[in-house]
Amino acid sequence: MIKYKLDQAHPYYQDVVPKTYNLLQAKYPLARLREVNIYEPEDNDTSMAVALSGGIIQLNGYWFCRNPDYLQDAAKRDIYVPAGDTFIGWHGEMTKEPEHVLVHEFFHILAQNIQDWEQWAVWAWEYATARPELAPTGYALAEPTEMWAEAMAARELGFKFGLLDSLESFLNSRLK
Ligand SMILES: [Zn+2]
């Protein structure tokens, strides 16, 4: 059972957050998401959420206690970053929030229970650093941890990217 501490959250999120995570947890039982709560941000903290060890996801009250339009509008102003000869969205095609951030954080939690996820993540991050057009998103190029979460989120939400086949074959042997 996932513990939800969302009393301060906007009613929309009180509805959508448990729906999203109950489904994901059922689909990926290896992930042991234990708790989802809201945290009070320090000044200037406009990050969306953070995944903590022990299966805990904290959603930033800056976004999650407000009307959902704030977060969705901010996501639509998604910045583009250089990727080889072209540009790539910071979160690629994942401009729907909170869908993207909820799924993204969940896969940080799943990683806590897949032993060698870093093997794929480090390989993919290095490979895509030289060939950024293969990355799922610009943010995925930040570090292997974010490559993992962004690639898994893109896969879950049905977006294609250059490294998807290699991710699928990695997962085939781990999620069965
Ligand atoms: Zn992340």
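Remember, predicted model here, so these are calculated numbers, not experimental data. (Residues numbered from 1 in each chain as written. Predicted model: local features only at pLDDT ≥ 70, side-chain atom pairs only at ≥ 80, totals over all residues.)

**Q** Explain the overall build of the protein chain to me, please; I cannot follow it from the model alone.
**A** Helices and strands together make up the secondary structure of the protein chain, namely seven helices and six strands. Listing every helix and strand of the protein chain by position from the N terminus yields β-α-β-β-β-α-α-β-β-α-α-α-α. For 176 residues, the compact-globule formula gives about 16 Å, and the C-alpha radius of gyration of the protein chain, at 16 Å, lands near that figure. Overall, the protein chain is about 45 × 35 × 25 Å in size when its C-alpha atoms are taken along their principal axes. (Helix = DSSP H or I, 4+ residues; strand = E, 2+ residues; numbered from the N terminus. Rg over C-alpha atoms; globule rule 2.2 N^0.38 Å.)

**Q** Help me out: how do you make sense of the environment of Leu52 in this one?
**A** Its place among the elements puts Leu52 in strand β3 (residues 49–52). Leu52 gets classed as partly exposed once you count the C-beta atoms within 10 Å, which come to 16. Put simply, Leu52 and Glu105 are 53 residues apart on the chain and 9.4 Å apart in space, counted from C-alpha to C-alpha. (Buried ≥ 20, exposed ≤ 12 C-beta atoms within 10 Å, placed from the backbone.)

**Q** Explanation requested: helix α6 (residues 144–156) in the structure shown.
**A** In this model, α6 (13 residues) spans 18 Å end to end at C-alpha, consistent with the 18 Å of a helix rising 1.5 Å per residue. Contact partners of the buried residues in α6: α4 (99–111), α5 (117–130) and α7 (164–174). Phi turns positive one or two residues past the end of α6, at Gly158, with a value near 85 degrees. (Expected span 1.5 Å × (residues − 1). Contact = placed C-beta atoms within 7 Å.)

Honestly, it's all geometry; don't read function into it.
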